[in-house]
Amino acid sequence: MKETGGASAAQGVGQSVRRKEDARFLVGAGRYVDDLVFPGEWHVRFVRSPYAHARIRGVDVGPALALPGVVAAYTGADLRRAGVGSIPCGWLIRGRDGKPMAEPPHFPLAVDKVRHVGEPVAVVVATTAFGALDAMAAVEVDYEVLDAVADSEAALRPGSPLVWDDVAGNVCCDWHLGDEAETDRAFAAAAHVSRIDLVNNRLVPSPMEPRAAIARHDPASGEYTLYTTSQNPHTVRSTLCNSVLGIAETDLRVVSPDVGGGFGCKIFVYPEETTLCWISGQLGGTVRWTSDRSEAFLTDSHGRDHRTHAELALDEAGNFLALRVKTLANVGAYLSSGATAIPTFYYAPLLAGVYKTPAIHCNVVVTFTNTCCVDAYRGAGRPEATYVLERLIDQAARETGRDRVELRRQNFIGTESFPYPTPVGLVYDFADHAATLDLALEMSDWSGFAARRGEARGRGRLRGIGLSTYVEIAGGTPSRLLGQLGGRGGRAESAQVRVHPSGAITVFSGSHSHGQSHETTFAQIVSERLGVPLESIKVVQGDTDKVPFGRGTAASRSLVIGGSAIVRAVDKIIAKAIRIAAHRLEAAPSDIRFEAGVFGIVGTDRKIPFLEIAKAAYTLHDFPIESIEPGLDETAFYDPLNWTFPSGCHVCELEIDPETGQVSVERIVAVDDVGTVINPMVVHGQIHGGLAQGLGQALLEGCIYDAEGQLLTGSFQDYCMPRADDVPNFEVALLGTPCEHNPLKAKGCAEVGSVGLPPAIINAVLDALSIVGVTSIDMPATAHRVWRAIRDACAG
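Owing to the predicted nature of the structure, the values given are computational and were not obtained by experimental measurement.

### Focus: the layout of surface pockets
Next, step 1: Looking at the second largest pocket, its volume works out to about 490 Å³.
Next, step 2: Around the second largest pocket, the lining comprises 25 residues; the ones closest to its centre are Asn-201, Arg-202, Gly-702, Cys-703 and Ile-704.
Next, step 3: Here the residues of the lining of the second largest pocket are counted per class, giving 10 nonpolar, seven polar and eight charged.

### Some details on helix α13 (residues 449–458)
Next, step 1: Within the span of α13, buried status applies to Phe-449, Arg-452 and Ala-456. Across the axial projection of α13, the buried residues extend over an arc of 60°, all falling on one side. The outward face of α13, more than 90 degrees from its buried face, is lined by the exposed residues Ala-450, Ala-451 and Gly-458.
Next, step 2: Among the structural elements, β18 (462–471), β26 (647–656) and α19 (752–769) are those in contact with the buried residues of α13.
Next, step 3: Backbone geometry just downstream of α13 places Gly-460 in the positive-phi region, at approximately 80°.

### Examining unusual backbone geometry
Next, step 1: A cis amide bond, omega -5°, links Phe-418 with the succeeding residue Pro-419.
Next, step 2: With respect to the helices, strands and loops of the structure, Pro-419 is situated in the loop between α11 (404–411) and β16 (420–421).
Next, step 3: The residue after Met-779, namely Pro-780, is reached through a cis peptide bond having omega -10°.
Next, step 4: One can find Pro-780 in the loop between α19 and α20 (783–795).
Next, step 5: In this structure, Asp-305 takes a positive phi of about 65° despite not being glycine.

### A look at the sheet that holds β18
Next, step 1: With respect to topology, four strands assemble into an open sheet ordered β18-β26-β27-β28, the strand pairing being mixed. On the outer flanks of this sheet lie β18 and β28 (730–734), each paired with one strand and no other. For this sheet the average axis-to-axis angle between neighbouring strands, irrespective of direction, equals 10°.
Next, step 2: Here 10 bridges tie β18 to β26, and the two strands are oriented antiparallel to one another. Bridge pairing in β26 links Arg-463 to Glu-655.
Next, step 3: Docked against the sheet, helix α12 (residues 433–443) engages β18, β26, β27 (663–673) and β28, running at close to 145° with respect to β27.

### Quick notes on the packing of aromatic side chains
Next, step 1: As enumerated under the stated definition, the model contains 19 aromatic pairs in all.
Next, step 2: Seen from their ring centres, Phe-25 and Tyr-32 are 6.3 Å apart, and the 25° between their planes marks the pair as stacked.
Next, step 3: We classify Phe-25 as partly exposed; its relative accessible area is 28%.
Next, step 4: Here the aromatic rings of Phe-320 and Tyr-355 are separated by 5.5 Å at their centres, their planes lie at 70°, and the arrangement is edge-to-face. Here Phe-320, found in strand β14 (residues 320–332), pairs with Tyr-355, found in the loop between β14 and β15 (359–368); they are 35 residues apart in sequence, far enough to count as distant. Each of the two residues, Phe-320 as well as Tyr-355, counts as buried.

### Brief notes about the sheet that holds strand β20 (residues 505–509)
Next, step 1: Here four strands make up an open sheet; going across it, the order is β21-β20-β19-β25 and the pairing mixed. Pairing within the sheet leaves two strands with one partner each, and these edge strands are β21 (537–541) and β25 (632–638). Strand-to-strand twist in this sheet, taken as the mean axis angle between neighbours without regard to direction, amounts to 15°.
Next, step 2: Note that β20 and β21 share five bridges and pair parallel.

### Some thoughts on empty space enclosed by the protein
Next, step 1: Tallying each qualifying case throughout the model produces eight cavities of 30 Å³ or more.
Next, step 2: Lining of the largest cavity is provided by 18 residues; of these, His-106, His-116, Pro-271, Thr-299 and Cys-373 occupy positions nearest its centre.
Next, step 3: Class assignment of the residues belonging to the lining of the largest cavity gives a composition of 10 nonpolar, five polar and three charged.

### Notes on the nonpolar core
The nonpolar side chains of soluble globular proteins are, as a tendency, buried together.
Next, step 1: In this structure, Leu-351, Tyr-428, Leu-654, Ile-656, Leu-699, Ile-761 and Val-765 are the most contacted members of the largest nonpolar core, which totals 123 residues.
Next, step 2: Of all the elements, α19 adds the most residues to this core, at 11 residues.
Next, step 3: If we ignore the near neighbours within four places in the chain, the residues touching Leu-699 are Val-663, Val-665, Ile-761, Val-765, Pro-780, Ala-781 and Thr-782.
Next, step 4: Core analysis: the second largest hydrophobic core is formed by 48 residues, Val-17, Val-570, Ile-592 and Ala-617 among them.

### A word on the packing of helix α10 (residues 382–400) against α19
Next, step 1: Orientation of α10 relative to α19, taken along the N-to-C sense of each, is 30°, at an axis distance of 8 Å. As far as their axial angle goes, α19 and α10 are roughly parallel. Both α10 and α19 take part in a crossing whose hand is right-handed. Here α10 contributes Arg-382, Pro-383, Thr-386, Tyr-387, Glu-390, Arg-391, Asp-394 and Arg-398 to the contact with α19, which in turn contributes Ser-754, Val-755, Pro-758, Pro-759, Ile-762, Asn-763 and Leu-766.
Next, step 2: Among the residues making up the contact of α10 with α19, the classes are represented as seven nonpolar, three polar and five charged.

### Brief notes about the confidence of the model for the protein chain
Next, step 1: Of the residues in the protein chain, 97% have a pLDDT of 70 or more, and the chain-wide mean is 94.
Next, step 2: Segment residues 1–5 is flagged for pLDDT under 50; beyond a separation of four residues in sequence, or across chains, it makes 11 contacts in the model.

### Considerations on the environment of Gly-503
Next, step 1: Its place among the elements puts Gly-503 in the loop between β19 (493–499) and β20.
Next, step 2: Put simply, Gly-503 and Ser-564 are 61 residues apart on the chain and 22 Å apart in space, counted from C-alpha to C-alpha.
Next, step 3: Non-local contacts of Gly-503, meaning those with residues more than four positions away in its chain, are made with Val-532, Leu-611 and Ala-614.

### Let's talk about the pattern of salt bridges
Next, step 1: Counted under the stated rule, the structure contains 51 salt bridges.
Next, step 2: Residue Glu-144 pairs with Arg-55 through a salt bridge whose shortest N-O separation is 3.1 Å. Separated by 89 residues along the polypeptide, Glu-144 in strand β6 (residues 140–145) and Arg-55 in strand β2 (residues 54–60) bring together distant segments of the chain.
Next, step 3: Relative accessible area serves as the criterion here: at 28%, Glu-144 is assigned to the partly exposed category.
Next, step 4: Exposure remark for Arg-55: the relative accessible area of 33% places this residue in the partly exposed category.
Next, step 5: Between Glu-209 and Lys-266 there is a salt bridge, and its shortest N-O distance comes to 3.1 Å. A residue pair is termed long-range when its members are at least 10 positions apart, and Glu-209 in the loop between β8 (192–200) and β9 (212–218) and Lys-266 in the loop between β11 (252–255) and α8 (271–283) qualify at 57 residues.
Next, step 6: Taking relative accessible area as the criterion, Glu-209 reaches 10% and is therefore assigned buried.
Next, step 7: Salt bridges linked by common partners bring Arg-45, Arg-48, Arg-211, Glu-272, Asp-292, Glu-295 and Asp-300 together as one network.

Procedures and definitions
Residues numbered from 1 in each chain as written. Predicted model: local features only at pLDDT ≥ 70, side-chain atom pairs only at ≥ 80, totals over all residues. Heavy atoms only, no water. 1 Å grid on protein atoms, 1.4 Å probe; cavity = no way out; pocket = protein on both sides within 12 Å on 5 of 7 lines; lining within 4 Å. Points joined across faces, edges and corners; volume = space filled by probe spheres on them. Nonpolar A, V, L, I, M, F, W, Y, C, P; charged D, E, K, R; others polar. Buried < 20%, exposed > 50% of the residue type's maximum accessible area, 1.4 Å probe, protein only. Helix = DSSP H or I, 4+ residues; strand = E, 2+ residues; numbered from the N terminus. Arc of directions from axis to C-beta. Contact = heavy atoms within 4.5 Å. Pairing = 2+ DSSP bridges. Axes fitted to C-alpha atoms, helices over the stretch in contact; angles between N-to-C directions. Phe/Tyr/Trp six-rings, centres within 6.5 Å; stacked < 30°, edge-to-face > 60°. Core = buried A, V, L, I, M, F, W, Y, C linked by side-chain atoms within 4.5 Å. Parallel < 35°, antiparallel > 145°, perpendicular 65-115°, else oblique. Left-handed = near helix turned anticlockwise from the far one by under 90°. pLDDT = per-residue confidence, 0-100. Salt bridge = Lys/Arg side-chain N within 4 Å of Asp/Glu carboxyl O.

Rendered as structure tokens:
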């Protein structure tokens with residue numbers, strides 16, 4: 001039979017195919033929530049607290065309702081009377097005493113107290129956007145202002161204001177991991193102990209597209225539709241239906257169209273979309289809300305905010321004996337979905353790093369404060385752990401007079417030791433840490449740095465170089481471990497692959513793209529395995545009425561879990577297609593081989609292309625009905641056996657002007673092991689984005705509250721984001737080793753830049769400042785902070 005169609009070799013796995021989605025994005029044809037317009041829709045604005053902590057004496061919405069065009073106004077009391085519940089946390093962790101964490105209620109609108117600036121107190125609905133703004137301003141709230149606490153250290157001091165009256169000492173959970181007694185014994189026998197105190201600065205995620213929601217209700221059918229800027233629409237539906245609003249899951253459709261970035265902050269269920277759903281049901285119509293940037297600073301979940309004391313024990317030969325860490329993790333006033341998991345299970349296990357440290361103990365005190373919630377931000381716990389470890393190792397090298405590169409190399413987990421069980425509960429599958437280190441040193445010309453430092457000194461500049469060797473967990477939490485860790489709900493991912501009679505293919509994925517290029521990379525996987533041209537493959541995502549249940553996109557899970565689900569569904573397609581081909585070719589299925597889009601009988605030239613089998617699958621009139629069903633449409637779920645473990649080495653070289661403190665990043669080299677690469681161009685883009693955000697945290701970004709809980713960095717005038725001239729050309733190399741427990745052998749790539757780079761930058765800053773005696777500095781290393789450190793060291 002004649003062979004027709006087929007995929008080009010330049011379209012499959014490993015090829016830098018141009019992104020299919022860019023065809024609409026580059027001409028402004030993307031469809032985001034705020035682009036959607038429905039007839040007769042009403043506009044919503046939220047009345048927000050100007051205080052970090054206050055008792056609500058009363059809320060009067062009467063003046064707002066008296067304004068023309070105002071349709072409705074509601075308070076927290078109204079929602080509680082209607083039975084609207086609390087937005088739950090997704091993880092129930094337990095303290096070192098075995099008791100469950102404190103989980104106070106999180107109602108969509110404040111009821112008795114407000115607990116952070118920006119918390120919604122009331123909501124107004126009007127026929128126009130400006131009318132809603134006027135109504136918002138007309139609502140009168142009587143507050144009794146209370147003392148607030150915004151800092152985790154201050155929150156734990158005796159006598160500090162309580163965020164929650166029934167949570168003693170503002171402690172959500174006093175948690176630990178590791179063998180404390182064994183760690184203490186190792187420290188007692190150590191020849192040297194290095195100690196460090198660190199702050200991992202609070203960050204505002206700041207995706208380009210702000211959060212937005214449109215909720216619709218059809219009184220005739222009782223059905224709701226929520227359009228929202230979410231990274232995981234099925235989780236939004238489950239939470240709203242089963243925990244908060246009591247809507248049947250069959251009656252709520254959640255749609256996330258194009259989403260303009262998330263970085264973690266769009267994972268969670270927020271008060272705004274919850275309230276809009278409820279209002280649409282009350283009014284029997286359509287309501288819309290889009291956050292402005294000021295609201296985003298106040299209410300989007302923040303990231304990081306750790307205060308840590310860490311100690312590393314070494315023997316006389318420089319071998320790591322033990323690591324001891326205590327961290328105060330600020331989770332804000334309310335627990336969002338992953339608030340308690342990020343500073344515990346996504347943090348402490350990564351303190352093993354790439355090193356064979358025999359004993360580790362970590363104590364994390366999860367702390368409430370009168371600030372916005374803190375949760376996942378790109379990397380989510382792994383950057384915090386890597387920063388502690390890599391800063392501490394550099395300090396140990398300085399204190400013991402050892403070479404910082406060789407100290408790391410000496411303590412690496414060798415390739416012969418894999419699979420490697422760590423003392424904090426992980427089992428690493430495989431990596432070659434020495435190989436990524438060696439390539440990074442070569443690419444950065446580490447050995448030639450002394451000459452460059454000397455040249456810079458001649459120009460009056462201080463030049464430094466720093467590195468970080470890291471490992472992170474990716475791919476989402478395996479369901480078999482979820483219950484042990486306190487997670488609620490499964491973590492499997494779904495995919496449905498539908499082959500149409502023409503041979504065109506639709507892939508329905510439970511993952512969701514907000515910049516990850518799923519429409520391209522998922523299509524490449526299918527094209528590679530079925531031999532179908534990329535242009536014949538369409539990827540559908542982000543609609544709970546169209547795609548099977550899935551967990552969306554977070555934790556670098558899309559390719560590892562979502563892609564693996566697609567592979568499993570394609571394998572089912574191929575298995576069925578082989579039976580059809582065997583019938584058409586009059587051969588046994590065991591004699592059929594499928595290769596490059598063509599079915600053939602082994603040892604013969606008899607063949608039939610996939611496109612003909614696709615058509616035949618829908619016209620099986622000559623098949624016994626009990627033998628095979630018509631069609632080629634298969635669904636599969638994939639639940640990982642283990643996390644994946646991307647790793648690598650990042651190097652930063654920079655210069656500092658000692659007169660101003662200005663840091664100029666001259667070079668960044670990143671060598672990363674992310675396993676199988678589907679599209680190198682996309683992977684490089686993901687790594688570049690992570691590196692830019694890692695640079696932002698290290699040098700520029702810092703979210704600051706004053707002692708009364710007022711946000712001082714509430715706009716881009718005060719919160720400094722990296723700009724094009726702050727970022728050098730990144731030099732990225734991929735040195736992959738396969739992950740053996742998922743069918744794609746992939747490890748994930750989206751967060752490695754934000755994990756590995758910040759400590760490399762700060763280590764480079766301290767290397768540059770070592771000549772003037774500076775030994776410690778916190779992120780962000782702004783010009784003022786660096787200048788002050790230089791002045792203080794010189795004065796000392």
